[in-house]
Structures are given as C-alpha cells and as structure tokens.
Amino acid sequence: MATASSHVPKVKLYGVPYSVCTSRVIMCLLEKQVGYDLQVVDIVKTQDHKKPEFLKLQPFGIIPVLQDKDFSVFESRAIIRYIARKHEGHGTPLYGTSEKDKAMVDQWLEVEAQNYNPAIAPAVWHLIHAPLFGQQGDPTVAKASIEKLEKVLDVYEGVLSQSKYLAGDFFSLADLSHLPFTQYLINDAKRGDIFDKRPHVKEWWKSISTRPTWIKHLSVAFPGKNFDSPGS
Amino acid sequence: MAVKIYGNPVSPPTRNVIASLYEKGVEFELVVLDLLAGAHKKPEHLKLQPFGKIPVYQDGDITLFESRAITRYIATKYEGQGTPLYGKTPTEKALVEQWVEVESQNYSPVTSALNFQLFIKKLFTGEGPDEAAVAVEVPKLNAVLDIYEARLTESKYLAGDFFSLADLSHFANTEYFVKHSGKADLITSRPHVAAWWQDISSRPSWQKTIAYCSF
C-alpha cells in the first residue's frame, strides 16, 4: 500500500474527500506518495466555497485548490498534471516514461474531460447528488446522459482491446481521472451493467478500481460504507 | 518529416492547433476534411480519431487527437524554438495548465453554445437562436468574464506576464464570438479583457491563422 514519502514535503488540499474533483487529486497524491493536509471546504451546509476567503484562492468558487508552500493551483486536471510532473521520480509513473507516453496521457485525459465527463456528470447529478443539494433529479436527462456515455464506452471498448489502459499498457493520469464519477455511477446509481456488458471496459474498471490507493481513499472518504467488488 | 493536420479551416480546434504551429515556426500541411459530406465519420478517419472528431495531428511517428493535447505536445516538442508557450519554470507551467483547464471547463462550453445559437445554427438550418438557451448562457459568460477582468488587472496574460497556451486556447471561440455573435460588448465593455483580446488577436500567429483559414 502506498505511503507518503517522508522526504517529500506535505501539500495542503482544500476540498472534501467525497467530491469528484477533490477525489481525483487525492488519488494522484496517494499514487505519487505525496502527503497532504486536507482543509475541509463544506460545500453543502456552510457553503464555504462561496465565502470571500475561499474566492481569494479560487475565484470561480470551485473545489479543490492545492497549496504547495507558497504556490497555489486550481482545476483538478491541472493539479494532477503538476503533481505528476513535479514528483516524476517517485511513486507511480502517472505520465508514463517517454515523451510519446506523455502525449498519449494528455490525449486521453482530454478525452475524459471533453467526452466522458460531459456524458457521465449529468447522470450522476440527476440520479444521486441533486437531492443532496435540495433539487429534483430529472430521470429523462439522466437517461440521455447514459446513452451518450454508452457511445463513449463503445469507443473505449475498442481502445482497451488493444492496450491494458487508455494511454498504453501503463496506469496513468488518464485512467485515474475516470475513477470518481464512475465509482458513483456504478456503486450509488447501480449502473455497473453498462460497464459489465463491455468485456474490455469491465476488465479495465476492475483493474483500476481495485488499486490499493483507490480502496484506501474510499475507506477514508466514505467510512463504514460497503462497496461491491467489481465483477461480483 | 512534415507535420500534417487533418481538420477543417472553419473548425475552432483546428484553428487553435494551426496558431500554435505558427507560434513555434513549424511548417505544416492541412488535409481538409469535408464535414458536410461526413468525412469525419468515415472509416478512414475513425481509424485516426475513433470519436469522429477533428483535428488529428501527425508528426513523424506520433498521431494525436484532442486539440489541447496537440497544442501541449507542440509546446513541449518545440520547446527550444518560437514562443515559450508553457512559460519558463515549473510553476509557470502549472499556471498555464490551470488556465487552459479554466478555458476548457468554464469558457469554451459557454462561448461555443452561444456561437452555435447566435449564428452557426442559422448557417446550417436557417433557424434563429433558442432564446431560452441564450438566456441561460449569457449570465454564465458574464460571471466568467468578471473573473477574467479581475485576473487581467493582476497580470498581462492569463497565466502571468507572458503569452501562453492558456491565452492561445481562447483564440478561435473568441474570434467567432467577437466577430459574429452580436454580443461582442461582453468582451469590449470590460477594459482589461478587451485589451487582452486586442493584444493576443493582433499576434502574427493569429493573423496568419485567420488569413490561412479564410476563403
């Protein structure tokens, strides 16, 4: 199991562990063995993300923000790129090992951001999170979103029949970026079926979601919660 | 070996990739895909880009898609020549990444939607804008541009006092928005945003891109 390297200084992470974007960063920190102090920003009850102190750090009022000594960076996919580059020498090589690997990782991280995320996010919102924020989920929007997602997964099925992970035969930032939303859709909305019916996608999900770092994060972010093992 | 781009001169992501090549002084060949004829959905293209989108970039033995992955690759591969699109230090690079993500997640979805409603739709279907959709997007863009206005009082460009990929990523959607949406005042009424747009759009790389892509 990955543990923080003692010679690497800790960073400060503003967010909440159950948030998709904060999870993305936590998973990267765990894989790179970088210790962090979590500064909780309550986005539900006290709405800390809308307060002036937070807006000074992140003017769009969105979590997470990473502070590394006197340097501050936001947008989860920018943060994970920064961490993966800065700590290239230890932990999991999340950018691969060659310039070509790096390019493929950036490509598939963009695919996640531009194709996968817009398809899965509405489904997770309307099926799971809307009520937590006092809103009504719309099952029609969720259904349309899942149809879009299935088209994206058809492409992934083809790609993953050629390589073990998205950017090649190595686990990377690109695969990592898919974990948080997919976990919600499969475990909370119980839509594992759309992954299970595509054998290479199923195998890929099983592989990435059983990484000890992800299991560790889930136990911290959702203490006491049961998660079905993939394939069960 | 020559750099090839498979795309179309009207496509915003194709234009941004072309601009990055001009910034780096790298010669390229544009292979034009006829979008109206559905060339981007045909098997030959799907082999290169399985989502059926443009552009695709080929450079020696690498084939890449997603314009922001392509421009990142160009900024890295040609680091030693032309404009330093990633800045000069690791923290500058991280800020470039941050503002590229801001453009990707906050700016372009809204400007693309408005461009579509306010003029692109009419070109293809003859239909006018869905006013309800426009009414949703305009306040979003105003909120984002208020943040840009504040940011650009702190520094000349988005990631700092240097032109970078972060500013470049805004080229194509902003060009269309300012020239054709009828809502250019959202940009021009904000003094720092207006000055920033005036500055970056006057760059030779953007002027050359417009000239190359116009017909």
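Cut-offs used in this document
- Residues numbered from 1 in each chain as written.
- Chains lettered and ligands numbered in written order.
- Predicted model: local features only at pLDDT ≥ 70, side-chain atom pairs only at ≥ 80, totals over all residues.
- Heavy atoms only, no water.
- Contact = heavy atoms within 4.5 Å.
- Buried area = accessible area lost by both parts, 1.4 Å probe.
- Salt bridge = Lys/Arg side-chain N within 4 Å of Asp/Glu carboxyl O.
- Polar contact = N/O pair within 3.5 Å; in protein donor to acceptor, adjacent residues only side chain to side chain.
- Helix = DSSP H or I, 4+ residues; strand = E, 2+ residues; numbered from the N terminus.
- UniProt positions renumbered as here; feature names shortened; annotations may be inferred.
- Buried < 20%, exposed > 50% of the residue type's maximum accessible area, 1.4 Å probe, protein only.
- Domains from an automatic or database assignment.
- Nonpolar A, V, L, I, M, F, W, Y, C, P; charged D, E, K, R; others polar.
- Pairing = 2+ DSSP bridges.
- Right-handed = clockwise from strand over helix to strand, strands pointing away.
- Phe/Tyr/Trp six-rings, centres within 6.5 Å; stacked < 30°, edge-to-face > 60°.
- Lys NZ or Arg CZ within 6 Å of the ring centre and 35° of its normal.

## Here's the deal with the interface of chain A and chain B
Piece 1. Counting residues at the interface gives 29 residues for chain A, matched by 30 residues for chain B.
Piece 2. Of the roughly 2,500 Å² buried between chain A and chain B, counting both surfaces, carbon and sulfur atoms make up 64%.
Piece 3. Of all residues in chain A, A:Phe60, A:Gln107 and A:Glu110 bury the most surface against chain B, accounting for 22% of the area lost on that side.
Piece 4. Counting across the interface, chain A meets chain B through 5 salt bridges.
Piece 5. Between B:Glu97 and A:Arg81 there is a salt bridge; the shortest N-O distance is 4.0 Å.
Piece 6. Between chain A and chain B we count 10 residue pairs in polar contact (both at pLDDT 80 or more) in total.
Piece 7. Within the residue set of the side of chain A that touches chain B, elements represented by two or more residues are strand E4 (71–74), helix H3 (76–86), helix H4 (99–129) and helix H5 (139–159) of chain A.
Piece 8. Top contributing element to the side of chain A that touches chain B by residue count: H4(A), with 13 residues.

## What to know about the UniProt feature "domain: GST C-terminal" (unreviewed entry) in chain A
Piece 1. As annotated by UniProt and renumbered to match this structure, "domain: GST C-terminal" (unreviewed entry) occupies residues 98–227 of chain A.
Piece 2. For residues 98–227 of chain A, the end-to-end C-alpha separation is 36 Å, with 70% helix and 0% strand making up the annotated structure.

## Some details on the environment of B:Val100
All names here are of chain B.
Piece 1. Inspection of the secondary structure assignment puts Val 100 in helix H4 (residues 90–125).
Piece 2. Since its relative accessible area comes to 3%, Val 100 is described here as buried.
Piece 3. Sequence spacing of Val 100 and Ala 166 is 66 residues, and the spatial spacing of their C-alpha atoms is 4.6 Å.
Piece 4. In this structure Val 100 touches Arg 68, Arg 72, Leu 165, Ala 166 and Ser 169, once residues within four positions along its chain are discounted.

## Looking at the domain arrangement of chain B
All names here are of chain B.
Piece 1. Looking at the assigned domains, one finds that chain B contains domain 1 (3–84) and domain 2 (90–203).
Piece 2. Computed over C-alpha atoms only, the centres of domain 1 and domain 2 are separated by 21 Å.
Piece 3. Taken together, the contact pairs 14 residues of domain 1 with 16 residues of domain 2.
Piece 4. Contact with domain 2 buries area across many residues of domain 1, yet Asn 16, Arg 68 and Arg 72 alone supply 41% of it, more than any other trio.
Piece 5. The tally of links between domain 1 and domain 2 comes to 4 salt bridges.
Piece 6. With a shortest N-O distance of 2.8 Å, Arg 203 and Glu 23 are connected by a salt bridge.
Piece 7. Linking domain 1 with domain 2 are 7 residue pairs in polar contact (both at pLDDT 80 or more).
Piece 8. Among the elements that make up the side of domain 1 that touches domain 2, the one with the highest residue count is helix H1 (residues 12–24) (6 residues).
Piece 9. In terms of residue class, the side of domain 1 that touches domain 2 is made up of 6 nonpolar, 4 polar and 4 charged.

## Looking at the domain arrangement of chain A
Residue and element names in this part refer to chain A.
Piece 1. For chain A, the domain assignment lists domain 1 (11–86) and domain 2 (99–221).
Piece 2. In this structure, domain 1 and domain 2 have C-alpha centres spaced 21 Å apart.
Piece 3. Taken together, the 17 residues of domain 1 in the interface contact 22 residues of domain 2.
Piece 4. The junction of domain 1 with domain 2 conceals about 1,800 Å² of combined surface from both sides, 67% of it contributed by carbon and sulfur atoms.
Piece 5. Our enumeration of links across domain 1 and domain 2 arrives at 5 salt bridges.
Piece 6. Note that Asp 106 and Arg 81 form a salt bridge whose closest N and O atoms lie 2.9 Å from each other.
Piece 7. For the pair domain 1 and domain 2, the interface holds 9 residue pairs in polar contact (both at pLDDT 80 or more).
Piece 8. When contributions to the side of domain 1 that touches domain 2 are tallied by element, the ones reaching two or more residues are helix H1 (20–31) and H3.
Piece 9. Of the residues assigned to the side of domain 1 that touches domain 2, the class counts are 11 nonpolar, 1 polar and 5 charged.

## So, the pairing of strand E1 (residues 11–15) of chain A
Residue and element names in this part refer to chain A.
Piece 1. Buried residues dominate E1, accounting for 4 of its 5 residues.
Piece 2. Bridge analysis of E1 against strand E2 (residues 36–40) gives 5 bridges, and the strand direction is parallel. For Leu 13, the partnering residue across the bridge sits in E2 and is Leu 38.
Piece 3. Crossover connection from E1 via H1 to parallel E2: handedness right-handed.
Piece 4. Across 3 bridges, the pairing between E1 and strand E3 (residues 65–68) is antiparallel. Counterpart to Leu 13 in the pairing with E3 is Leu 66.

## Let's talk about the side chain of A:Asp106
Piece 1. Inspection of the secondary structure puts A:Asp106 in helix H4.
Piece 2. Looking at A:Asp106, the relative accessible area reads 7%, which means it is buried.
Piece 3. Contact partners of A:Asp106, with chain neighbours within four places excluded, come to A:Arg81, A:Arg85, A:Tyr95, B:Ala69 and B:Arg72.

## Re the side chain of B:Gln49
Residues and elements named next belong to chain B.
Piece 1. Inspection of the secondary structure puts Gln 49 in the loop between helix H2 (43–48) and strand E3 (56–59).
Piece 2. You can call Gln 49 buried: its relative accessible area is 1%.
Piece 3. Here the side chain of Gln 49 touches Phe 51 through a polar contact of 2.6 Å, landing on its backbone nitrogen.
Piece 4. In this structure Gln 49 touches Val 56 and Phe 65, once residues within four positions along its chain are discounted.

## What about the packing of aromatic side chains?
Piece 1. Applying the stated rule across the entire model yields 24 aromatic pairs over all chains.
Piece 2. Where A:Phe195 meets A:Trp205, the ring centres are 6.5 Å apart and the plane angle is 40°; that geometry is what we call tilted. Placement of the pair is A:Phe195 in helix H8 (residues 193–196) and A:Trp205 in helix H9 (residues 199–209), with a sequence separation of 10 residues.
Piece 3. Owing to a relative accessible area of 1%, A:Phe195 belongs among the buried residues under this scheme.
Piece 4. Of the residues examined, A:Trp205 reaches a relative accessible area of 6% and is grouped as buried.
Piece 5. An aromatic cluster is built from A:Phe60, A:Phe74, B:Trp99, B:Tyr107, B:Tyr148 and B:Trp196, whose rings are joined through pairwise contacts.
Piece 6. Directly above the ring of B:Tyr86 sits B:Lys93, whose terminal nitrogen or CZ lies 4.5 Å from the centroid.
Piece 7. We note B:Arg203 situated over the ring of B:Phe163; from NZ or CZ to the ring centre the distance is 3.7 Å.

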